[in-house]
Amino acid sequence: MWGKTVQLRRPVSGFASTHPYYAHLDGIRALAVLSVLLFHLDHSVLPGGFVGVDVFFVLSGYLITGVILREIEQGRFSVARFYQRRIARIFPAFAVVIAATYAASLYLYSAQDIASAGTSGAAAALSLINMKLIFQGDYFTISQDAQPLLHYWSLAVEEQFYLLYPLALLWLTKRRILPPLLGAAAVSFACAIVLTYLAKDIAFYTLPTRAWELLVGGALAVWHARHEATRRPGVAELGLVGLLLSFLFLGPEHFPGPTAALPVLATLAILEGARAEGSRVQRYLAWRPVVAIGLLSYSLYLWHWPIFSFIDYRLFEASAEVRLALKVVLTVVLSVASYFLIERPARRYFNRQGMVRAALLFFATGVIALSAVGYHLRESHYLGADSGDIAAGGIEAVSGHSRDVLLLGDSQAYMYALPLAELAREEEFNLRVAGMPAGNLLPEEEDTIWNDVARLVAREQPDVIVFAYAWGIKIGEHPERLAQAMRHLNAHAGKIVLVQQMPLLSDDVSRQSIREGLRPPFFEPEDRGSKREAGAAVVDTYSSQATIVDVFPIFDGPNGTRVIGEDGRFLYQDAGHLSDTGAALTMPLFERVLR
């Protein structure tokens, strides 16, 4: 019934290895990956399951340090060979999942979210996605169904760590190893504690605050390299209890500060206590079904989150049971296929002697290709200008025709940019985009770029200006701002089109809230509606100077605001902006005024 628990000298996962294999270490991987999967399936089932990543960090530091030390002691360590093994082990499935995510996002996501997936994919390929995520907000609160590569942050931390760690170990072997490792771990842990309270996102995602977990694993490997295994009754059992408590009771509060010590110390206890042959915990962890999950752990980790994200994103109206079944089945099927068709064959191929250059070339080519595709996805699905773009004349989206149209505004203009570009190609007019998300473009607004806008309009002299803006919060109490702008715009453009806002949503209307049971009708919150109406009233006073496009009726009805399209796609990107699917519904109105 119980699998082998002794040291084995056999090929690990299908390729030749001279390093010892311990089945119970794959058992620890199984615990880690199952905790992460359960947490992502339902946070309430295993509230602290996210600490499985911390278990992976400790185990990674322990295993990699052990491998490096053995090779250094045997006089056969090679930095090039080290990275060859890393590439063979990590990169093939890593790259395939990013490529598959790109393909799926093109079919399932809104244009805005395709652009985001492209940016994330490029950052993931470069092992920098953890740095990108710092600026997106808390891991536990961001819109996760539109972040299919969110989990790559932990892989980025590891690859950043191993960029210099082998060289550091090589240097330290000529000196005392443990004090520097433990000293660096202490500094890193102190940084994690301090930054958890001062800048939690930095503490969660970055190497300086996570390195201590890999370093203490490495320090234990150094200790084990110098000391024979001895029976330590109760230590591994205590570690299992510590992990179970971490999985059940830890939460995002104060993490990864002092509370991260519990799963880390628990993992160290398991590694120490289960080391001796015959340990009861070692036998449990070496049970063949558990080891099988451990062998699949990398593929399970890579595939599960994109699958979960896409299912939640596209099937937000389906029952929880249907989504759960699809998530489990697709994750298992793709992970098993990935392990046997990608991981093992690629590892066997790229790990062969004489394949160092081929592995490095494969890695470099893959990173460049994935980054280039990600950049293309972002550029082809994002038409938002920044202040520099506007100062330089805006973004020329469509050119080569005789009629010039300028799209002007803040994020209310940006959300129309892509469908308007399609319309421009069909109707054969030029489109220049000066829609700046989160920008202030009117005279006398705080941090306004009105002077650049005024120069742009005067220089380009467009035939038509399409002006979409968050009128409700920006001119409702300051109508003079629009009056001043309109005088300048009318002096330099043949026609002005002012676009009224659509109904605004409550913040709790989202795919997530619908998955959790919220159902129509959805109505515009009274406070937001009153501000929108005040802005709309100001815009309507310019009906003699401009053409007014009112998109409000498209989304407003007797049964509340229309949020979900006939094809089941969400018409809103968030509470105050349309998705490209929603914006496309307004194009007949624009087509009539731009002919």
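Residues numbered from 1 in each chain as written. Predicted model: local features only at pLDDT ≥ 70, side-chain atom pairs only at ≥ 80, totals over all residues. Heavy atoms only, no water.

K.L.:
Go over the overall build of the chain with me, naming the residues and quoting the values.
P.N.:
Counting secondary structure elements, the chain contains 26 helices and 10 strands. When its C-alpha atoms are laid out on the principal axes, the chain stretches across 90 × 50 × 45 Å. Across the 595 residues in the chain, those meeting the buried criterion constitute 55%. Approximately 25,300 Å² of the chain is accessible, and the part contributed by carbon and sulfur atoms is 60%. Positive and negative side-chain charges of the chain, numbering 51 and 55 respectively, have mean locations separated by a distance of 16 Å. (Helix = DSSP H or I, 4+ residues; strand = E, 2+ residues; numbered from the N terminus. Buried < 20%, exposed > 50% of the residue type's maximum accessible area, 1.4 Å probe, protein only. Areas by Shrake-Rupley, 256 points an atom, 1.4 Å probe, with all protein chains shown as cover. Lys, Arg positive; Asp, Glu negative; His and termini not counted. Charge placed at Lys NZ, Arg CZ, Asp CG, Glu CD.)

K.L.:
Describe in detail the sheet that holds strand 4 (residues 464-468), supporting the description with residues and values.
P.N.:
Sheet architecture is open: 6 strands sit in the order 1-3-2-4-5-6, paired in mixed fashion. Only two strands of the sheet have a single partner each, and these edge strands are strand 1 (395-398) and strand 6 (547-549). On average, each strand axis in the sheet is tilted by 25 degrees relative to the strand beside it, whichever way the strands run. Of the strands in this sheet, strand 2 (404-409), strand 4, strand 5 (495-499) and strand 6 are in contact with helix 26 (residues 587-594), which crosses strand 6 at around 165 degrees. (Pairing = 2+ DSSP bridges. Axes fitted to C-alpha atoms, helices over the stretch in contact; angles between N-to-C directions. Contact = heavy atoms within 4.5 Å.)

K.L.:
Can you lay out the side chain of Asp 145 for me, pointing to particular residues and giving the numbers?
P.N.:
Along the chain, Asp 145 falls in the loop between helix 5 (129-134) and helix 6 (152-172). In this structure the side chain of Asp 145 is engaged in a polar contact, spanning 2.9 Å, whose partner is the side chain of Arg 515. Not counting the four nearest positions on each side in its chain, Asp 145 is found in contact with Tyr 109, Ser 309, Asp 312, Tyr 313, Arg 511 and Arg 515. (Polar contact = N/O pair within 3.5 Å; in protein donor to acceptor, adjacent residues only side chain to side chain.)

K.L.:
Report on the environment of Arg 275, specifying residues and quantitative values.
P.N.:
Looking at the element boundaries, Arg 275 is found in the loop between helix 11 (261-273) and helix 12 (280-285). For Arg 275 and Arg 288, which are 13 residues apart along the polypeptide, the C-alpha to C-alpha distance reads 18 Å. Side-chain polar atoms of Arg 275 contact the backbone oxygen of His 224, separated by 2.7 Å. At 2.7 Å, the side chain of Arg 275 forms a polar contact with the backbone oxygen of His 227.

K.L.:
Please set out the packing of helix 6 against helix 9 (residues 207-226) residue by residue, giving values where relevant.
P.N.:
Axis separation between helix 6 and helix 9 bottoms out at 10 Å; the angle between their running directions is 65 degrees. With respect to helix 9, the element helix 6 is oriented roughly perpendicular. Crossing angle aside, the handedness with which helix 6 passes helix 9 is right-handed. Each of Trp 153, Val 157, Glu 158, Gln 160, Phe 161, Tyr 162 and Tyr 165 in helix 6 lies in contact with helix 9, whose residues at this interface are Leu 207, Arg 210, Ala 211, Leu 214, Leu 215 and Gly 218. Each residue belonging to the contact of helix 6 with helix 9 can be placed in one class, and the counts come to 9 nonpolar, 2 polar and 2 charged. (Parallel < 35°, antiparallel > 145°, perpendicular 65-115°, else oblique. Left-handed = near helix turned anticlockwise from the far one by under 90°. Nonpolar A, V, L, I, M, F, W, Y, C, P; charged D, E, K, R; others polar.)

K.L.:
If you had to explain unusual backbone geometry to someone new, which residues and values would you point to?
P.N.:
At the junction of Phe 255 and Pro 256, the peptide bond is cis and its omega measures out at 15 degrees in the coordinates. Mapped onto the fold, Pro 256 is located in the loop between helix 10 (235-249) and helix 11. Note that the residue after Pro 520, namely Pro 521, is joined by a cis bond; omega there is 10 degrees. Position of Pro 521 among the secondary structure elements: in the loop between helix 22 (511-515) and helix 23 (526-540). For Glu 428, which is not glycine, the phi torsion reads 60 degrees and is therefore positive. Along the polypeptide, Glu 428 turns up in the loop between helix 18 (411-427) and strand 3 (430-435). Accessibility expressed as a relative area gives 52% for Glu 428, which makes it exposed. With phi around 70 degrees, Glu 444 is a residue other than glycine that occupies positive phi space. Among the secondary structure elements, Glu 444 is positioned in the loop between strand 3 and helix 19 (450-460).

K.L.:
Give a description of the environment of Ile 134 that names residues and reports values.
P.N.:
Along the chain, Ile 134 turns up in helix 5. For the pair formed by Ile 134 and Asp 201, sequence separation is 67 residues and the distance between their alpha carbons is 5.4 Å. Each residue touching Ile 134, except ones within four places of it in the same chain, is listed here: Asp 201, Ile 202, Tyr 205 and Thr 206.

K.L.:
Now, about the pattern of salt bridges: what can you tell me, with residues and values included?
P.N.:
Going through the model one piece at a time under the given rule, you end up with 25 salt bridges. Put simply, Glu 71 and Arg 85 hold a salt bridge, and the shortest N to O gap is 2.8 Å. Here Glu 71, found in helix 2 (residues 52-73), pairs with Arg 85, found in helix 3 (residues 79-108); they are 14 residues apart in sequence, far enough to count as distant. Across the pair Asp 410 and Lys 474 runs a salt bridge, and its minimum N-O distance is 3.0 Å. With Asp 410 in the loop between strand 2 and helix 18 and Lys 474 in helix 20 (residues 471-474), the pair connects residues that are 64 residues apart, well separated along the chain. One salt-bridge network, in which partners are shared between bridges, spans Glu 396, Arg 432, Arg 459 and Glu 460. (Salt bridge = Lys/Arg side-chain N within 4 Å of Asp/Glu carboxyl O.)

K.L.:
Tell me about the pairing of strand 5, residues and numbers included.
P.N.:
With respect to burial, strand 5 is a largely interior element, 4 of its 5 residues being buried. Relative to strand 5, strand 4 runs parallel, the two being bridged by 5 bridges. Following the sheet pairing, Ile 465 is matched in strand 5 by Ile 496. Here strand 5 runs beside strand 6; their pairing, made up of 3 bridges, is parallel. Bridge assignment links Leu 498 to a residue of strand 6, and that residue is Ile 548.

K.L.:
Please provide a residue-by-residue account of the packing of aromatic side chains, values included.
P.N.:
By convention here, two paired aromatic rings are described through the distance between centres and the angle between planes. The full count for this structure, using the stated rule, is 30 aromatic pairs. Three or more aromatic residues joined by ring pairs form one cluster here, namely Phe 91, Phe 94, Tyr 152, Tyr 349, Phe 350, Phe 362 and Phe 363. Taking NZ or CZ as reference, Lys 327 lies 5.4 Å from the ring centre of Phe 308, over its face. Positioned over the ring face of Tyr 382 is Arg 378, at 4.3 Å from the centre of the ring. (Phe/Tyr/Trp six-rings, centres within 6.5 Å; stacked < 30°, edge-to-face > 60°. Lys NZ or Arg CZ within 6 Å of the ring centre and 35° of its normal.)

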